[in-house]
Amino acid sequence: MNISYNWLKDYLSFDLTPDETAAALTSIGLETSSVEEVQAVRGNLEGLFVGEVLTCVAHPNSDHLHLTTVNVGSDEPLRIVCGAPNVAAGQKVIVATVGTTLYDGDNEIKIKRSKIRGEESFGMICAEDEIGIGTDHSGIIVLPADARVGTPAKDYYGIASDYVLEVDITPNRVDATSHFGVARDLYAYLRQADLKATLQKPSVSDFSIESPDGGIQLGHVNPDGCLRYSGVTIRGVHVCESPDWMKKRLTTIGLRPINNIVDITNYILHELGQPLHAFDASRITGEQVIVDVKPAGTKFVTLDGIERTLTDRDLMICNTSEAMCIGGVFGGLDSGVTEQTTDVFLESACFNPSWIRKTARRFGLNTDASFRFERGLDPNQTVFVLKRAALLIKELAGGTVCGDIQDVYPASTRNGEDNFVSEPFRVDVTFAKINSLTGKEIPVETVKNILRYLDIEIINETSDGLSLHVPVYRYDVRRDVDVIEDILRIYGYNNVEFSNHVNSTLSYATPTDRSYRLENIISEQLVGAGFNEILNNSLTKASYYEGLTTYPAVACVHLSNPLSADLNVMRQTLLFGGLQSVAFNINHKNRNIRFFEFGNCYSMEQSSYSEDYRLALWMSGKRIENNWAAKDENTSVYELKAHVENIINRLGINTSGLLWNSLSNDIYESGLTIATASGKTLGMLGIIRSNILKITDISAEVYYAELSWKALLKEAGKNSIVYSEIAKYPEVKRDLALLVNTSVTFADIRRTVFESERKLLKNVVLFDVYEGANLLVGKKSYAVSFFLQDEEKTLNDKQIDAIMSKIQKALEDKLGATLR
């Protein structure tokens, strides 16, 4: 959740910097992952000052330029050439001094000492649009006569940066999903740290009912789905664009302003954490709002234009004839506020969290409102928030508050489902348990102060402990251990010292533990991709290896006393056991195969035995079959390669640093070997030869990959996970159609281009291959995309052209490639 630093200070007076605020919030459990400056005006008007034009004469070599001398508070006046038609001596103006950077959209303009028509100029007198405070370019800015010379422009205009704190709210802390909620927690921290702080909640004392008539009435309110429903009618509003201050607040935290009424509901949501909904009162048939379910199967069109089928557990906000809104989740298509709206019914409610959670999941909707309602809100604040919103509407849109506030509170007399209560929750806590769980004897007065700062009322005190009333908005504090956790996070985890006596249990992970953990990760990945795990016998028959050179029969490990001729050797590869499984499934009409297996393979080399743990994948049949949305499509070796790349990537190995070389042997008709840059083989993949398939009576094509798991783990151990931000600057794509010899592979092209450009070239993608008519014999065409990106700035055409020229030359020199 984004929190505006300046907005936060509306409710809490404190002296921490944005970074110190982030650290404080993190220390009390509101982890702040980043602090980002948001400039009110790009560049913050740095280098601009209030100046006074001392002299202004016509430029000797121009009919529209002027030569001026301007006092900006420095030792000597600045000589500036100005082309504005309204410049005159005696004016107070805004001056950009030499070295200042101005901004025109994405372009930067640096003010330099220059000669204009033969006359030197040492700055620039600015117009509104040139410094970003307006759009006027008819002339320079002329300030009032009392403007002080030398005042920085940012101080004159009151320009101040805001800072956005990205706070990661845990699911149990719905009370902190607003600026006031965060301020409330930070207040407790500041007071406990003996830092000056004052917490101030927005006032609603000016609210009043201006007309007793004309209000929308409330009808039936479902007591199970709605804990409290409050509403008020405001007539005669003017829907228009919000003022700049509100638009600035919303855009700072990442919200798009819509109109003043809708913006107010969003503003209140992020101010106080209470979702609101504004209805066009003219669309409330019968001038009555009913909160209830509709019959199962009822159709309802939501704001996004999608027709949804309701169940009898979806709480709806209705008028006397139809549903208008899915309560607490999403608005309807025709009941919201538009530019033609003049009368508004404002809703402030507290819904049953389980109802909202189930409805939101059922429809696949996750809104700011449902996020809060499904975690549980304070039913006692609905009317206060309603008054706050009504006052803002009167301020920004005019209008008259008509009729009494409608308020139905069926939950106020019960303590039933989900522990919804309107009264504070009682918790008893002992000092002994506080000290035991925190690991430190915290002074009783400190404990009591922290509880008061957290708005937890002490209703009784004994020598053993305290009886407390926890405010309703703290749904996460219901047990003594919850209270102790709150005390400790405000007291400060870092204030609990280690004792001299430490109990510990030593444990360490072995390489076997690491291998097992990664096996499970890869297994889950493959199962998620549609694979089934198989487990075959490590004993197999020697006849499989007769005549092979890749897995020669002489390398087989023979059993001294085999059970049968079919189980007389240890397997050298996982291939044949898997092919038996493939054949079995095909024979039983299961033709679309995706299998994987982990297992040991054994061989004998120069009278010594070796054992290697491997991962194998088999694919055959169709990738898509009997699907109404797509045509049938066969699986391919390219799909197999993609799964292998995903495995390698998941292990943290950078695939771009691997060597993928063509392979054709007595196992693979066509395939690839995968090796490290140092030449260490990680595995092989490809299309199994038909004579191998014939051994197990398979007629369909089978694609197979076998990877050395030990080699993969060793390579993965060399790689460390490094955090990097998403690039702020755009990626650039360039395409080349290359004519190359048929012996040249895409791997050759990829290796060559990365050798020629390592810094800015991020990826190379093959998107088309052509062989046939209109090409020379022995040639083929590759269409290749090159992706370039600079992490620190936007690439310009000159840089891009230079890189592409270098890449093209490398391809020509090393591979004989030419542009088609």
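Cut-offs applied
Positions within a chain are numbered from 1, following the residues in the order the chain's sequence is written. Per-residue local features of the predicted model are confined to residues with pLDDT of at least 70, and side-chain atom pairs are confined, for both listing and counting, to 80 or more; whole-chain, interface and lining totals are unaffected and use all residues. Values shown for side chains rest on all heavy atoms present in the structure; no hydrogens or waters enter the calculation. Each residue gets one of three labels from its accessible area relative to the maximum for its type: buried under 20%, exposed over 50%, partly exposed in between, using a 1.4 Å probe on protein chains only. In DSSP terms, a helix is any run of H or I states spanning at least four residues, a strand is any run of E spanning at least two, and both are numbered starting from the N terminus. At least two DSSP bridges between two strands are needed for those strands to be called paired. Working rule for contacts: check all heavy atoms of both residues, and any pair within 4.5 Å makes them a contact. As a rule, the C-alpha atoms of each element are fitted with a line to give its axis, helices using only the stretch in contact, and angles between N-to-C directions run from 0 to 180 degrees. For patch building, the residue pool is restricted to those with more than 30% relative accessible area and no salt bridge; the joining distance is 9 Å between like charges and 5 Å between nonpolar side chains (Val, Leu, Ile, Met, Phe, Trp, Tyr). Method for areas: the Shrake-Rupley scheme with a 1.4 Å probe, in which residue coverage is limited to the protein chains shown. Basic side-chain nitrogens of Lys or Arg form a salt bridge, by our definition, when they fall within 4 Å of a carboxyl oxygen of Asp or Glu. Residues scored as positive are Lys and Arg, those scored as negative are Asp and Glu, and His as well as the terminal groups of each chain are ignored. Charged groups are reduced to one reference atom each: NZ for lysine, CZ for arginine, CG for aspartic acid, CD for glutamic acid. In protein, a polar contact requires one atom able to donate a hydrogen and another able to accept it; more generally it is a pair of N or O atoms within 3.5 Å, and residues adjacent in sequence count only if both atoms are side-chain atoms. We call a pair of cysteine sulfur atoms a disulfide when they lie within 2.5 Å. Oblique is the label for any angle not covered by the other classes, which are roughly parallel (under 35 degrees), roughly antiparallel (over 145) and roughly perpendicular (65 to 115). Rotating anticlockwise by less than a right angle from the far helix to the near helix defines a left-handed crossing, while the corresponding clockwise rotation defines a right-handed one. Residue type decides the class: Asp, Glu, Lys and Arg count as charged, Ala, Val, Leu, Ile, Met, Phe, Trp, Tyr, Cys and Pro as nonpolar, and the leftover types, Gly among them, as polar.

A. Main features of the pairing of strand β17 (residues 276-280). β17 sits mainly inside the fold: five of its five residues count as buried. Every second residue of β17 is oriented toward a common face, with Leu-276, Ala-278 and Asp-280 on one face and His-277 and Phe-279 on the other, all of them buried. Where β17 lies against strand β24 (residues 343-351), five bridges are found, and the strand directions are antiparallel. Within β24, the position partnered with Phe-279 by the bridge is Phe-345.

B. Structural detail: helix α19 (residues 746-756). Counting buried positions over the eleven residues of α19 gives eight, a clear majority of the element. All buried positions along α19 are accounted for by Ala-747, Asp-748, Ile-749, Arg-750, Thr-752, Val-753, Phe-754 and Ser-756. In this structure, the buried residues of α19 make contact with β37 (659-663), β41 (732-741), β42 (761-770), β43 (779-788) and α20 (797-815).

C. Representation of the sheet that holds strand β5 (residues 66-71) within the structure. Taken in spatial order, the five strands of this open sheet run β6-β5-β4-β7-β12, and their pairing is antiparallel. A strand with exactly one partner marks an edge of an open sheet, and here the two such strands are β6 (78-82) and β12 (123-125). The average angle at which neighbouring strand axes cross in this sheet is 45°, direction not considered. Pairing of β5 with β6 involves five bridges; the strand directions are antiparallel. Across the sheet, the residue bridging to Thr-69 is Arg-79, located in β6.

D. Looking closely at the environment of Val-239. Within the secondary structure layout, Val-239 lies in the loop between β16 (226-235) and α6 (244-252). Look at Val-239 and you get buried, because its relative accessible area is 7%. Taking the C-alpha atoms as reference points, Val-239 and Arg-571, 332 residues apart in sequence, are found 78 Å from one another. Leaving out residues up to four positions away in the same chain, Val-239 has contacts with Asn-259, Asn-260, Ile-261, Val-337, Thr-338, Glu-339 and Thr-341.

E. Molecular detail of a negative patch on the surface. On the surface, a cluster of negative charge is made up of Glu-31, Glu-36, Glu-166, Asp-168 and Glu-725. Of all elements in the fold, only β3 (31-38) and β13 (162-168) reach the threshold of two or more residues within the negative patch. Secondary-structure assignment places Glu-166 in strand β13. Using a relative accessible area of 34% as the deciding quantity, one classes Glu-166 as partly exposed.

F. Quick peek at the side chain of Arg-235. Within the secondary structure, Arg-235 is located in strand β16. Here the side chain of Arg-235 touches Asp-343 through a polar contact of 3.1 Å, side chain to side chain. Excluding residues within four positions of it along the chain, Arg-235 makes contact with Gly-214, Ile-216, Ala-281, Glu-287, Thr-342, Asp-343, Gly-399, Thr-400 and Cys-402.

G. Seen up close, the sheet that holds β41. Strand order in the open sheet formed by four strands is β42-β43-β41-β44, with antiparallel pairing between adjacent strands. Both edges of this open sheet fall to β42 and β44 (818-819), since each of them pairs with a single strand only. Bridge count for β41 against β43 is ten bridges, and the pairing is antiparallel. Of the residues in β43, the one forming a bridge with Arg-734 is Phe-786. Of the strands in this sheet, β41, β42 and β43 are in contact with α19, which crosses β42 at around 150°.

H. Structural view of the state of the cysteines. Evaluation of the coordinates by the stated rule reveals zero disulfides. No disulfide involves Cys-82; its nearest neighbouring cysteine sulfur is the one of Cys-56, lying 7.3 Å away. When its relative accessible area of 4% is taken as the criterion, Cys-82 is described as buried. Here Cys-556 is not cross-linked by a disulfide; its sulfur's nearest cysteine counterpart is in Cys-601, at 11 Å.

I. Here's a closer look at the side chain of Arg-173. Mapped onto the fold, Arg-173 is located in the loop between β13 and α5 (179-192). Those residues within four positions of Arg-173 in sequence are excluded, and the remaining contacts are Leu-30, Asp-185, Arg-474, Asp-476 and Arg-489.

J. The packing of α19 against α20, seen in detail. Orientation of α19 relative to α20, taken along the N-to-C sense of each, is 125°, at an axis distance of 9 Å. Accordingly, the angle class assigned to the pair α19 and α20 is oblique. Regarding α19 and α20, the two cross each other, and that crossing is right-handed. On α20, the residues touching Asp-748, Ile-749, Thr-752, Val-753, Glu-755 and Ser-756 of α19 are Lys-806, Ile-807, Ala-810, Leu-811, Lys-814 and Leu-815. Its residues assigned to classes, the contact of α19 with α20 comprises six nonpolar, two polar and four charged.

Function cannot be read off these values alone, since they describe shape.
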